[in-house]
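Here are the chains, one letter per residue:
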Amino acid sequence: MTAAGTEAAVIAGPVDGATPRPRARRLPRPAQLGLVPFGAYVVLFLVVPTVLAVATGFFDKAGRFTLDNLSALADPVVLDTFWNSTWLSLMTAAVGALAGALVCYALLGVPAHHPTRSVIDALAGVLAQFGGVMLAFVFIAAMGRSSLLNVWLSGMGINLYAGGNWLYELPGLIPPYIYFQIPLMVITFGPALDSLKPQWAEANLTLGGNRWTFWTRIGLPVLAPSFAASYLLLFANSFSAYATAAVLASQGSQIVPLQIRAALTSETVLGRENLAGALALGMIAVMAVVMTGYALIQRRAERWRR
Amino acid sequence: MASIAPERVATTVVLQGVVKNFGHTQVLHGLNLTIRPGEFVSLLGPSGCGKTTALRLIAGLEEPSGGAILMNGEDVTGVPTNRRDIGMVFQSYSLFPHLTAIDNTRFGLDMRKVPRGRARTMAAESLELVGLAALADRYPHQLSGGQQQRVALARALVTSPKVLLLDEPLSALDARVRVQLREEILRIQKELGMTTVFVTHDQEEALAISDRVAVMQGGRIEQIGTPEELYLTPATADVAAFVGLSSLLLATVTGGVARIWGRAVPVIGAAPDGEYRAFVRPEHLRVARAGESGMRGTVEASIFLGSSRRTELRLASGELVAMQHDVSLRPERGDEWLLVVEPAPVVVRPLA
Amino acid sequence: MRRASFHPHPATRVVIGILVGSFVLLPLLATLEFTLRDGDAHSFVHWAAIFDPAKAATYKPIWVGLTNSVMLMLVTVAVVLLLLAPTMILVNLRFPRLRRSMEFVALLPISIPAIVLVVGLTPIYLVIGHTLGTGAWTLAFAYGITVLPFAYRSIQAAIDAVNLATLAEAARSLGASWPTVVWRVLAPNLRGGLLAASLIAVAVVLGEYTIASLLNRQNLQTALVLVNRQDAYVSVIFSLLALLLCFLLLLIIGRTGNLGAARGKER
């Protein structure tokens, strides 16, 4: 081979038809190993439990595959609980979203380090996360039969509990749920309101608009996606809440989380075993729909915030 | 563009003794400024000089603490922004994110209850004027910075406002886009003949496109004049320092004439006898000819500007001077040249 | 200066503040009043009773639960600081393309609420019970998952704010080893986010009931529910104390540190 020929071979590289040299086997780089602990953790405590939770719905007590449990989801009682959870969540999310949005509006323009802002931020942070159990106790003390409010109202001739002790039934969940929905909204929606740019308001003015046109044609349309996303989040939050209901409705199972409790603590419910798994599946389905909607809307809202 | 430049009367804008306080700080000290119909005036100055405040007062986005603002002789000081019939372009972020370019543009027309069909046509024409007809249905986040500012311009112009106000509209853009867009703004302004006030901190920008420039410092107008006047005959040291490049050379003034490096140079303005620093433009320094005496300087650095070179030389005294000269002269670091000052009039500043 | 034209009128602010503020504060005040009842009068008798030796037996579960909860807090914070945070730093520095996936994983627990998770955790915790014992502290592994979305938000916001990759590159170019980079350059800059994440973990753990009760382990909340059946006052008192504590913590951190990261809890 001439020198030029050798060169050509070197420059040209592997020719068509020639098989590529096998890559040397690469050991996983240390950096990749660093991902393993967290990965394993998530698999063990998130993925596996979820799969198990859903999978148990497909097996009966003896371990045989069955679709029997799934048909429980069509049972009127179960449908009822899903409906209860739904309207409870729709309603408390709506009230919480509106009230929370108003609070955010009232805070517009207050600088971040202003004492009022700091206090409200801290309060919202606490109340949004405030354990459901403690919330239940607060409401029993604040609205229950022996509460100041009831005593005071009875003194005025108004009997709050004329129709029965509703605080410990489904309607009793409404006030405490709203109580944690409002702060959650403030936390979630606040940044959206803060991102309204003063330039838009000034441009609106220079173009001949006023406060009304600003809100109706600019402010509200721009905020709508964030509001919808926050609403969905509040819905999901309410649908999946357990602790408050567990304390207030210690016997009942009118909403889905309580139904799951019943399914877990007794061996058969509705004559079916492993109902908990089926219920879990139903719940995940609802949450998946809601959170997917949330993610899609959020992406749209983000685009405009650039 | 019959539909956008209709029965509009070119407007005179006057600021009379305008004072503005923010809390305890006085930001504008009795500003007096008259902008003639169809004129393009720039407010030029460093940050904090009050130029943006002055613009916002004309727009009505702030209220003056004293003085008056007149448009066509009518006192508009108390008139709210949305009734002043102005067009304003902000530095950034002013496009409504949820509306397309064309919907943004027609916003002002919608405010004036212009019928929908006509509004759409006018908006389309306005976008065509700024060269964005093809992007009418894009959203702001799909447009580049320069394109967004064009839309902002179209939006401001479509209502044929009395005055066009621009608050550093090019400052947030890339250098190349900045130059392109400022030419566009100038072209459009000339075509429409609209009274325009332009705020910038970039003196090159101001000099390039304005009919007159008002140089501001500390809430006052130091000098107002054509770009040429400002450059060649700056009224004060601040103006000379801010507009264009200068070398500060030691000068002895006697009887209104400065002696710089042994040469006589006329002085702009009154200056009692004494020692001063004179502002000398780079193009007014040259290399001494054969037989001439001059100041010795050592070349430190040189920049190739395309049509000329600008060379920095260090004098024996340690001072650094800048000289602009023909490209045929090629300085090498360390070269020693003899420098001479041309007798062009200079502004002087006391030594103290 | 004219207020920005879309800001509410001061009167509006006050009205909204009073309306919503009443709804929020009145129940708390009423609760406080409830705890101060003594027959027909008011006194601190219930508050003092917490430390009354005669009632110690009744209240014992609370102290046990509280101790467990404190331990759980520590382990959960350890999970956040020693497992989540380093992994996030690693991903942001070395595997930026995995960031999206990590975000998805971190937000999953929102879609898979505790009540659902616990159905699948039961068998896992049976195994844990055999291997690591039935102590309450093992719950922390599950808690790490429930706080994941919030902790992730805080830390990621802090990472974005300081532009981690650039800092690391600068430190490396100046000759620092990786441990030095993480410990002396990155961690100090992420302090705010890490602190916020830890705080959220503490708050969540303190109030957690679902997983503890359905996995039959004792923490503060299960204890409060238990004791509530015998003494209506003590649980309420502890609830108020927990509320106050968390509020003060959040307030202090908010005033001194970077809590803006924590506020972006859900996006």
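Anyway, here's the lowdown on the structure attached to this text. Bear in mind that the values here come from a model prediction, so they are computed numbers and not experimental data. (Residues numbered from 1 in each chain as written. Chains lettered and ligands numbered in written order. Predicted model: local features only at pLDDT ≥ 70, side-chain atom pairs only at ≥ 80, totals over all residues.)

1. So, the overall build of chain B
Line of reasoning, step 1. Looking only at helices and strands, one finds nine helices and 20 strands in chain B.
Line of reasoning, step 2. Reported as C-alpha extents along the three principal axes, the dimensions of chain B are approximately 80 × 45 × 35 Å.
Line of reasoning, step 3. For chain B, buried positions account for 44% of its 352 residues.
Line of reasoning, step 4. Across chain B, contacts joining residues at least 24 apart in sequence account for 66% of those joining residues at least 6 apart. (Helix = DSSP H or I, 4+ residues; strand = E, 2+ residues; numbered from the N terminus. Buried ≥ 20, exposed ≤ 12 C-beta atoms within 10 Å, placed from the backbone. Contact = placed C-beta atoms within 7 Å.)

2. Notes on the interface of chain A and chain C
Line of reasoning, step 1. Residue-level contacts link 77 residues of chain A with 70 residues of chain C.
Line of reasoning, step 2. Of the residues contributing to the side of chain A that touches chain C, the split by class is 58 nonpolar, 16 polar and three charged. (Nonpolar A, V, L, I, M, F, W, Y, C, P; charged D, E, K, R; others polar.)

3. A word on the nonpolar core
Line of reasoning, step 1. Counting 264 residues, the largest nonpolar core has A:A280, B:I58, B:L165, B:A214, B:A278, C:A151 and C:I155 as the members making the most contacts within it.
Line of reasoning, step 2. Looking at which element gives the most residues to this core, the answer is helix α9 (residues 178-207) of chain C, with 14 residues.
Line of reasoning, step 3. Contact partners of A:A280, with chain neighbours within four places excluded, come to A:A53, A:V54, A:G57, A:I260, C:V116 and C:V119. (Core = buried A, V, L, I, M, F, W, Y, C linked by C-beta atoms within 7 Å.)

4. Quick look at unusual backbone geometry
One can expect most non-glycine residues to show negative phi and most peptide bonds to be in trans.
Line of reasoning, step 1. For B:N72, which is not glycine, the phi dihedral falls at a positive 55°.
Line of reasoning, step 2. Under the C-beta neighbour-count criterion, B:N72 is labelled partly exposed, with 15 such atoms within 10 Å.
Line of reasoning, step 3. If you check the backbone angles, C:N163 has positive phi at about 55° while not being a glycine.
Line of reasoning, step 4. Summarising the element assignment, C:N163 is placed in the loop between α7 (148-162) and α8 (164-173).

5. A few points about the environment of B:V215
All names here are of chain B.
Line of reasoning, step 1. Relative to the helices and strands, V215 is located in strand β9 (residues 212-217).
Line of reasoning, step 2. As for V215 and V239, which are separated by 24 residues in sequence, their C-alpha atoms are 6.7 Å apart.
Line of reasoning, step 3. Apart from the residues within four sequence positions on either side, V215 is in contact with L44, G45, E222, Q223, L230, V239, F242 and V243.

6. Looking at the packing of helix α7 (residues 132-143) of chain A against helix α12 (residues 232-256) of chain C
Line of reasoning, step 1. For the pair α7(A) and α12(C), interaxial distance at closest approach is 9 Å and the crossing angle is 120°. When the axis of α7(A) is compared with that of α12(C), the two are oblique. The chirality of how α7(A) crosses α12(C) is left-handed. Of the residues in α12(C), those in contact with A:M134, A:F137, A:V138 and A:A141 of α7(A) are C:S235, C:V236, C:S239, C:A242 and C:L243.
Line of reasoning, step 2. Tallied by class, the residues present in the contact of α7(A) with α12(C) amount to seven nonpolar, two polar and no charged. (Axes fitted to C-alpha atoms, helices over the stretch in contact; angles between N-to-C directions. Parallel < 35°, antiparallel > 145°, perpendicular 65-115°, else oblique. Left-handed = near helix turned anticlockwise from the far one by under 90°.)

7. Details of the environment of C:Y209
Residues and elements named next belong to chain C.
Line of reasoning, step 1. In this fold, Y209 is placed in the loop between α9 and α10 (210-214).
Line of reasoning, step 2. For Y209, a count of 24 C-beta atoms within 10 Å corresponds to the buried category.
Line of reasoning, step 3. As for Y209 and I50, which are separated by 159 residues in sequence, their C-alpha atoms are 22 Å apart.

8. Here we look at helix α5 (residues 145-157) of chain B
Residues and elements named next belong to chain B.
Line of reasoning, step 1. Along its 13 residues, α5 runs 19 Å from first to last C-alpha, staying within 8% of the 18 Å computed at 1.5 Å per residue.
Line of reasoning, step 2. Within α5, 11 of the 13 residues are buried, which leaves it mostly tucked inside the rest of the structure.
Line of reasoning, step 3. Listed in full, the buried residues belonging to α5 are Q147, Q148, Q149, R150, V151, A152, L153, A154, R155, A156 and L157.
Line of reasoning, step 4. Of the surrounding secondary structure, the elements contacted by the buried residues of α5 are β6 (86-89), α2 (101-105), α3 (107-111), α4 (116-129), β7 (163-167) and α6 (175-192). (Expected span 1.5 Å × (residues − 1).)

Geometric values such as these leave the question of function open.
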